[in-house]
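Listed here are the chains, written in short residue letters.
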Amino acid sequence: MKTIEVRSSQREQWIPLTAQVQAAVAEAGLRRGACLVYVPHTTAAVTINENADPDVGHDLLMGLGKIVPRNWPFEHGEGNSDAHLKSSLVGCSVLVPVENGRLQLGTWQGIFFGEFDGPRRRQCWIQFLQGVQEHG
Amino acid sequence: MKTIEVRSSQREQWIPLTAQVQAAVAEAGLRRGACLVYVPHTTAAVTINENADPDVGHDLLMGLGKIVPRNWPFEHGEGNSDAHLKSSLVGCSVLVPVENGRLQLGTWQGIFFGEFDGPRRRQCWIQFLQGVQEHG
Amino acid sequence: MKTIEVRSSQREQWIPLTAQVQAAVAEAGLRRGACLVYVPHTTAAVTINENADPDVGHDLLMGLGKIVPRNWPFEHGEGNSDAHLKSSLVGCSVLVPVENGRLQLGTWQGIFFGEFDGPRRRQCWIQFLQGVQEHG
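Residues numbered from 1 in each chain as written. Chains lettered and ligands numbered in written order. Predicted model: local features only at pLDDT ≥ 70, side-chain atom pairs only at ≥ 80, totals over all residues. Heavy atoms only, no water.

**Q** Even after reading the chapter, I still don't get the environment of Ser 8 of chain A, so can you show me in this structure?
**A** All names here are of chain A. Following the sequence through the fold, Ser 8 ends up in the loop between β1 (2-7) and β2 (13-16). Here Ser 8 is in contact with Gln 13, Ile 15, Glu 115, Gly 118, Pro 119 and Arg 120, once residues within four sequence places are set aside. Only 2.8 Å separates the side chain of Ser 8 from the side chain of Glu 115, close enough to count as a polar contact. Here Arg 120 takes part through its backbone nitrogen, which lies 2.9 Å from a polar atom of the side chain of Ser 8. (Helix = DSSP H or I, 4+ residues; strand = E, 2+ residues; numbered from the N terminus. Contact = heavy atoms within 4.5 Å. Polar contact = N/O pair within 3.5 Å; in protein donor to acceptor, adjacent residues only side chain to side chain.)

**Q** Where do I start with the sheet that holds strand β1 (residues 2-7) of chain B in this structure?
**A** By definition, the strands of a sheet pair up through backbone hydrogen bonds, in either a parallel or an antiparallel sense. All names here are of chain B. On the basis of which strands lie adjacent, the open sheet formed by five strands has the order β1-β8-β3-β5-β6 and antiparallel pairing. Two strands lie at the open edges of the sheet, namely β1 and β6 (102-103), each paired on one side alone. Across the sheet, helix α1 (residues 18-28) is in contact with β1, β3 (33-38), β5 (93-99), β6 and β8 (121-130); its angle to β1 comes to roughly 165°. (Pairing = 2+ DSSP bridges. Axes fitted to C-alpha atoms, helices over the stretch in contact; angles between N-to-C directions.)

**Q** Help me understand the nonpolar core in this model?
**A** Generally speaking, soluble globular proteins have nonpolar side chains that are buried together. In this structure, Leu 17 and Ile 111 of chain A, Leu 17 and Ile 111 of chain B together with Leu 17 and Ile 111 of chain C are the most contacted members of the largest nonpolar core, which totals 99 residues. The residues touching Leu 17 of chain B, leaving out its near neighbours within four places in the chain, are Ile 4, Val 6, Val 37, Val 46, Ile 111, Phe 112, Phe 113 and Cys 124 of chain B. Among the nonpolar cores identified, the runner-up in size contains 51 residues, and Ile 67 and Leu 85 of chain B together with Ala 45 and Leu 60 of chain C belong to it. (Core = buried A, V, L, I, M, F, W, Y, C linked by side-chain atoms within 4.5 Å. Buried < 20%, exposed > 50% of the residue type's maximum accessible area, 1.4 Å probe, protein only.)

**Q** I'm lost on the side chain of Lys 86 of chain A in this one. Help?
**A** Structurally, Lys 86 of chain A can be placed in helix α3 (residues 81-90). Every residue in contact with Lys 86 of chain A, bar those within four places of it in the chain, is listed here: Glu 12, Leu 64, Gly 65, Val 68, Gly 91 and Phe 116 of chain A.

**Q** I keep staring at unusual backbone geometry and nothing clicks. Help me out?
**A** Here the bond from Gly 118 of chain A into Pro 119 of chain A is cis, since omega is 0°, no more than 30 degrees from zero. Following the sequence through the fold, Pro 119 of chain A ends up in the loop between β7 (109-115) and β8 (121-130). If you check the backbone angles, Asn 100 of chain B has positive phi at about 55° while not being a glycine. In this structure, Asn 100 of chain B sits in the loop between β5 and β6.

**Q** I would appreciate a short explanation of the sheet that holds strand β4 (residues 44-50) of chain A in the present structure.
**A** All names here are of chain A. As summarised here, the arrangement of the three strands in space is β2-β7-β4, forming an open sheet in which the pairing is antiparallel. Pairing within the sheet leaves two strands with one partner each, and these edge strands are β2 and β4. Direction aside, the axes of adjacent strands within the sheet are offset by 35° on average. Both β2 and β7 contribute to a ladder of four bridges, which runs antiparallel. Each bridged residue has a counterpart across the sheet, and for Trp 14 the counterpart in β7 is Gly 114.

**Q** What exactly am I supposed to notice about the interface of chain C and chain A here?
**A** It is common to report an interface's size as the accessible area lost on association of the parts. Counting residues at the interface gives 38 residues for chain C and 34 residues for chain A. For the pair chain C and chain A, the summed buried area comes to about 2,900 Å², and 61% of that belongs to carbon and sulfur atoms. Inspection of the chain C/chain A interface yields zero salt bridges. Here chain C and chain A share 18 residue pairs in polar contact (both at pLDDT 80 or more) between them. Within the residue set of the side of chain C that touches chain A, elements represented by two or more residues are β3 (33-38), β4 (44-50), α2 (54-67), α3 (81-90), β5 (93-99) and β8 (121-130) of chain C. The dominant element in the side of chain C that touches chain A, judged by the number of residues it contributes, is α2 of chain C, at ten residues. Taken together, the residues of the side of chain C that touches chain A break down into 17 nonpolar, 13 polar and eight charged. (Buried area = accessible area lost by both parts, 1.4 Å probe. Salt bridge = Lys/Arg side-chain N within 4 Å of Asp/Glu carboxyl O. Nonpolar A, V, L, I, M, F, W, Y, C, P; charged D, E, K, R; others polar.)

**Q** Explanation requested: the relation of the copies chain C and chain B in the structure shown.
**A** Between the two copies of the chain lies a rotation about an axis combined with a shift along it. With an axial shift of 0.0 Å and an RMSD of 0.0 Å, the rotation relating chain C to chain B amounts to 120°. In symmetry terms, the pair is related by a three-fold rotation axis. Interface overlap between copies is the fraction of interface residues in one copy that are interface residues in the other; for chain C against chain B it is only 15%, indicating separate surfaces. (Least-squares fit on C-alpha atoms with pLDDT ≥ 70 in both.)

**Q** Explain the relation of the copies chain C and chain A to me, please; I cannot follow it from the model alone.
**A** At an RMSD of 0.0 Å, chain C and chain A line up after a rotation of 120° and a shift of 0.0 Å along the axis. Both copies present different contact surfaces, since only 13% of the interface residues of chain C are interface residues in chain A too.

**Q** What am I meant to see in the pairing of strand β7 (residues 109-115) of chain B here?
**A** A regular strand carries its side chains on alternate faces of the sheet. Residue and element names in this part refer to chain B. In terms of burial, β7 is a largely internal element, seven of the seven residues being buried. Side-chain alternation along β7 places Gln 109, Ile 111, Phe 113 and Glu 115 on one buried face and Gly 110, Phe 112 and Gly 114 on a second face that is also buried. Relative to β7, strand β4 (residues 44-50) is paired through seven bridges, and the arrangement is antiparallel. For Ala 44, the partnering residue across the bridge sits in β7 and is Glu 115.

Right, here's the structure in full:
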C-alpha cells in the first residue's frame with residue numbers, strides 16, 4: 001500500500017490525483033488488475049469525473065451543496081454533518097482497471113480527492129489488486 | 001479486460017448488463033474473486049438494483065431528476081452538468097463477488113448501465129480480480 | 001466468500017459491521033489485498049463513515065430522508081422506492097485495503113450496513129481479493 005499526502009486549501013475542493021496514482025501503479029509494478037484509491041477520512045471522498053473543463057468541478061461542488069445544505073438541523077456538534085453525508089454519497093474509494101501497467105481511464109476521466117471539510121492535511125491510500133490471466 | 005458495447009436510445013435510461021457480465025466472467029475463466037464493471041464515461045454510471053419490476057428503474061431515474069434538476073445554474077457550457085453530478089453520485093463502477101465461476105448477485109439484483117446524457121454509443125470495461133484461497 | 005447475518009429492528013438503521021469484517025479477514029488468512037463487503041439486497045446498502053459519535057449516523061439517515069422523501073410519486077407498488085434509490089446512492093459495496101492481515105481503516109472510520117426498508121433479516125457477503133507484492 002502506498003500513501004499520497006493531500007493538502008486542501010478551502011472548505012470544499014477537488015484535488016487532482018490522477019498523475020500520482022499512475023506513478024504509484026508504475027512503482028508497484030502491477031501489470032494487470034485494479035488500483036484501489038482509498039480515502040481514510042469521513043468528511044472527504046474520492047470520485048472520477050471530467051478532467052478537462054474545471055467548470056464541471058465547480059458545478060459538482062455547487063450541486064452537492066444544494067443536495068446537502070449545511071444548515072439542516074443536524075445533531076452532530078462539529079457542524080460538519082453535511083460533509084459526512086457527502087462522503088457517503090460520493091464514496092471513500094474508487095477502483096480503476098489496470099492493464100499493461102497503466103491505469104485504464106476513459107478519455108475525459110480523472111481521479112479527484114473531494115475535500116468537504118477543509119482546509120486540512122489529508123491522505124489517500126493506494127492498494128494494488130491482482131488481475132486474473134485471461135484464457136487464450 | 002473485456003469491453004461491452006452499450007447503445008442508449010434516450011437521454012436517461014438503464015441498460016441491463018447482467019447477462020453480458022456473467023458471460024465475460026465465464027469466458028475469462030475466473031473461479032473465485034470479483035468482477036469490476038467500469039464505465040469510462042463522465043456522464044454515465046453503473047449500479048446494482050432491482051431486476052424484477054421495471055417500475056423501480058423508472059422511479060430511480062425520476063428521483064435522480066428531482067435530486068439533481070437539469071435547470072440549476074451550472075457553469076459548464078455543455079448543458080449536461082446534471083449528468084456529471086449523477087455520475088459521481090451513482091458511481092462509475094460496481095464490484096461483484098465471483099465464486100465457482102459465477103457472479104454472486106442477490107436474488108433481486110441486476111447490473112445496470114446508467115445513461116444520463118444520451119442517446120450515445122458507450123462502453124463498459126470488465127476486469128477480473130483474483131480471490132484468495134480460503135483456509136480449511 | 002463468507003456470509004454475515006444481519007438483523008435490523010427499524011425501517012432505517014445503521015448496523016456496525018467492522019468487528020465482524022475484521023474477524024472474517026483474519027479467518028480467511030488474507031495478508032495483503034482488499035476486502036469486499038457486498039450487500040445482496042436492493043433496499044439496503046453499506047457505507048464507511050464515522051465510528052465515534054452516533055449523532056453522525058442519525059444525521060446521515062435524517063439527511064438521506066430529506067434528499068429522497070418517501071412520498072414522491074413513485075410507481076413501484078411496494079412503497080419502498082425511496083429505499084431502492086438510497087441503495088443506489090450509497091452503494092451496495094465497499095472495498096477496504098488489507099495489509100498484514102488487518103483491515104486498513106482511517107482513525108474515525110467504521111463499516112456500517114444501511115437498512116432502508118426494515119426491519120428484516122439481511123446478509124452481507126465478504127470476499128477477499130489478492131494484493132500484489134510490491135517491488136523492493
